[in-house]
Structures are given as structure tokens and as C-alpha cells.
Amino acid sequence: MKTRILLLAYGLMSVAVTAAASTPSTHIAKSGRPGAAHAPVTAETSKPSLARTSKYSAAQIVERNIAARGGLPAWRAVQTLSFSGQLEAGGKQNTPLPFVMEMKRPHKSRLEIRFRDQTAFQVYDGTHGWKVRPFLNRDDVEPFTPSEAKLAETWAELDGPLVDYASKGTRIMLQGIEAVEGHDAYKLKLTLKGGAERNVWIDATTFLEVKIDGDPRKMDGKLRNVAIFYRDYRSEHGLIVPHVLETVVEGVKQSHKMTIEKVAVNQPLEDSLFAKPQLKVAAASGQ
């Protein structure tokens, strides 16, 4: 297991909370479309369809996306979100590891991953981040590297990148209509406040997110594109949440999945959970 697993999990869980809020009786198929089949995933799954003109502007697509998720009042009522489940760590066996992710407004997050008898932590208080990686024989608290801090700042949105995007300093442009696993989706280009760019695909029927750009990875000396697909949407406390997030790396056959097994909304979370971790010091020998 490597450090990038923590960063991948952070990104995936932040993406997960962009899921739609709707009525408790709603159930969406794995692809984000009612009754849609789940096609095998490859890095080339999303291909441009024939050029067509959208009858909606980028702003109108975002408005419909937010409406499909329950509207602004529903999302603004959410102050905390907690997820737990299994995260595939990769490798030859793609070992699943238990995780717990907790998020609190405005930009606080805490991720714990169990590896054998050890627990790895990643904590972000909205400004600063820390990590503890016992599986690498590092039992001290380490600050985020500059790249990790930038990544955390980019992903740290409890309600996702589209809600209140203008107030967040994000610009959105409609790139066109593409086929994502055989279904039309609006491709939106997001330019974040800090200048980072990210594409999001919105299903043309349900207006739910079905795919988002991940952060590129350097492998074999080449920077490879990463895509994250939303799977198995289910209703949780009035929110429609994807219970499987599948990450696909360009040119890599094996994908990695994060499976969400439990969701808690507005569970009380103390600010101390998101502060710099205070590790217990082992008692001196003989005491």
C-alpha cells in the first residue's frame, strides 16, 4: 500500500458527496440512469458522440443538476457527512481495506484506513493537513506535502463542485455532449478558483453526475489520465449517494473501487476530530 492510496481515497470521497439529494423512495441504477446496464469499464469508455447542439446552457445544466439533487435548501441543510466501507488498495490481489471518511463544513475532513492491525489517518482542517502512515513504519504525524495540500484544497467541497459554484470562484463551460457508457452526457469544464481544471459529465436524462476527471498519475514516466465513475446510486437519508466509485487509469487494465456500505448525515462531529492528530506515546518500559 502506498501513500497515493490515501490521496486517492480523499479524492474519491470528496467526489462521492456530489451525489444527488432526492426523495427517499428513489433508486438509480449503477450507471446513474434508471434501468441502465453496467458496461465493462475501460479508460476509453467515454467517447465523443456525434456533434449536437445542447438546448441547455452550462448554467441551466447546473441548475437542473442541483434540482435533481434536491435543491439548494436540501444541500445547505447538510452540515456533516460520514461514510464507511471498503477501499481497494491495488496490487496483484486488489486487497479491500476498511475505511471511514468524515466531513464537516466548511472544508474539514478525516479519513481512516485500516491495514492489518494498523490505522492510517489523513486529516484536513480546512487549511492544514496531516497524515499518519504506520504501514510505512512512520508512526509520527507528518504535514501534507505542498502537492497534497493543493489536492486537498481542490477536492474539499462537502456539497461538490457545482453547488454555489460562482461563489466558490469556479467558472463552468459546456464542452458538448458525449457518450458515457452508451448514454448521452453533458461534458462541463470547470475552472476552479486556483486555476485547476476538471471535467464533469452530467447524464442528459437524470442530470446526475456519472463521471469526473481524477488527478493524472505518472506511471512508467508517462502522465496518464484518470477517470472516476459513479456507480450504484441509492437513497440515504434523502440524499442519493453512489455506493461504488470506480477509478480507471488510462492504459491500465485493473480498475479500483471504493464501496460505501454506510452513510450518516448530520451526525455530530467535534472539531477536534479534524485537528492535528495527537498520538499516544507508549508508556516507558517498566511503568
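Because the structure is a prediction, the values reported are computed rather than measured.

Comments concerning the overall build of the chain
Move 1: What the chain contains, in helices and strands, is 4 helices and 16 strands.
Move 2: For the chain, buried positions account for 51% of its 287 residues.
Move 3: Contacts in the chain between residues far apart in sequence, at least 24 positions, make up 56% of those at least 6 positions apart.
Move 4: Total accessible area on the chain stands at roughly 14,100 Å², and carbon and sulfur atoms take up 51% of it.

Re the packing of aromatic side chains
Move 1: Considering all chains together, one arrives at 5 aromatic pairs under this definition.
Move 2: Geometrically, the ring pair formed by Tyr124 and Phe144 is stacked, given 6.3 Å between the ring centres and 5 degrees between the ring planes. Of this pair, Tyr124 sits in strand β5 (residues 118–124) while Phe144 sits in the loop between β7 (138–143) and α4 (146–155); the two residues are 20 residues apart in sequence, bridging distant segments of the chain.
Move 3: Taken together, a centroid distance of 6.0 Å and an interplanar angle of 20 degrees make the contact between Tyr186 and Phe207 stacked. Remark: Phe207 occurs in the loop between β10 (197–203) and β11 (209–213) and Tyr186 occurs in strand β9 (residues 183–191); sequence separation between them is 21 residues. Neither Tyr186 nor Phe207 differs from the other in exposure class; each is buried.
Move 4: Ring pairs connect the aromatic residues Tyr56, Tyr186 and Phe207, which therefore count as one cluster.
Move 5: The residue whose ring lies beneath Lys211 is Trp201, and the NZ or CZ to ring-centre distance is 4.2 Å.

Overview of α4
Move 1: Turning to α4, its buried residues are Glu148, Leu151, Ala152 and Trp155. Buried residues along α4 cover an arc of 100 degrees about the axis, so they all sit on one side. For α4, the exposed residues lying more than 90 degrees away from the buried face are Pro146, Lys150 and Glu153.

Side note on helix α2 (residues 58–68)
Move 1: Burial in α2 covers these residues: Ala58, Ile61, Val62, Asn65 and Ile66. Along α2, the residues classed as buried sweep out an arc of 135 degrees about the axis, all on the same side. In this structure, α2 carries Glu63 and Ala67 as exposed residues pointing more than 90 degrees from its buried face.
Move 2: Just beyond α2, the residue with positive phi is Gly70, at close to 110 degrees.

Considering the nonpolar core
Move 1: Membership of the largest hydrophobic core comes to 45 residues, with the highest contact counts inside it found for Phe83, Phe99, Leu188 and Ile202.
Move 2: Residues within four places of Leu188 in sequence aside, it is in contact with Ala58, Ile61, Val62, Ile172, Met173, Leu174, Arg198, Asn199, Val200 and Ile202.

Re the confidence of the model for the chain
Move 1: A residue-level look at the chain finds 78% of positions with pLDDT of 70 or above and a mean pLDDT of 78.
Move 2: Here residues 1–31 is a poorly scored stretch, pLDDT under 50, and it has 126 contacts once near neighbours within four places are set aside; other chains count.
Move 3: Contacts of residues 281–287 to residues separated by more than four positions or lying in other chains number 0 contacts, the stretch itself having pLDDT below 50.

Some details on the pairing of strand β8 (residues 171–180)
Move 1: The pairing of β8 with β9 spans 9 bridges and is classified as antiparallel. Bridged to Gly176 within β9 is Lys187.

Considerations on the pairing of β11
Move 1: Along β11, 5 of the 5 residues are buried, which leaves the element largely enclosed by surrounding structure.
Move 2: Note that β10 and β11 share 3 bridges and pair antiparallel. Paired with Trp201 across the strands is Lys211, a residue of β11.
Move 3: The antiparallel pairing of β10 with β11 creates a hairpin that spans 5 residues between the two strands, and Phe207 there sits at a positive phi of about 65 degrees.
Move 4: As judged from the 3 bridges shared by β11 and strand β14 (residues 226–236), these two strands associate in the antiparallel manner.

A closer look at the pattern of salt bridges
Move 1: Within the structure shown, the criterion is met by 15 salt bridges.
Move 2: Among the ionic pairs, Lys104 bridges to Asp271, the shortest N-O distance being 2.8 Å. Taken as a pair, Lys104 in strand β3 (residues 96–104) and Asp271 in the segment after β16 (256–265) lie far apart in primary sequence, 167 residues in all.
Move 3: Overall, the relative accessible area of 44% leaves Asp271 in the partly exposed class.
Move 4: A salt bridge links Glu178 to Lys187; its shortest N-O distance comes to 3.7 Å. No difference in accessibility class separates Glu178 from Lys187, as the two residues are buried.
Move 5: Residues participating in the shared-partner salt-bridge network are Arg105, Asp159 and Lys168.

Cut-offs applied
Residues numbered from 1 in each chain as written. Predicted model: local features only at pLDDT ≥ 70, side-chain atom pairs only at ≥ 80, totals over all residues. Heavy atoms only, no water. Helix = DSSP H or I, 4+ residues; strand = E, 2+ residues; numbered from the N terminus. Buried < 20%, exposed > 50% of the residue type's maximum accessible area, 1.4 Å probe, protein only. Contact = heavy atoms within 4.5 Å. Areas by Shrake-Rupley, 256 points an atom, 1.4 Å probe, with all protein chains shown as cover. Phe/Tyr/Trp six-rings, centres within 6.5 Å; stacked < 30°, edge-to-face > 60°. Lys NZ or Arg CZ within 6 Å of the ring centre and 35° of its normal. Arc of directions from axis to C-beta. Core = buried A, V, L, I, M, F, W, Y, C linked by side-chain atoms within 4.5 Å. pLDDT = per-residue confidence, 0-100. Pairing = 2+ DSSP bridges. Salt bridge = Lys/Arg side-chain N within 4 Å of Asp/Glu carboxyl O.

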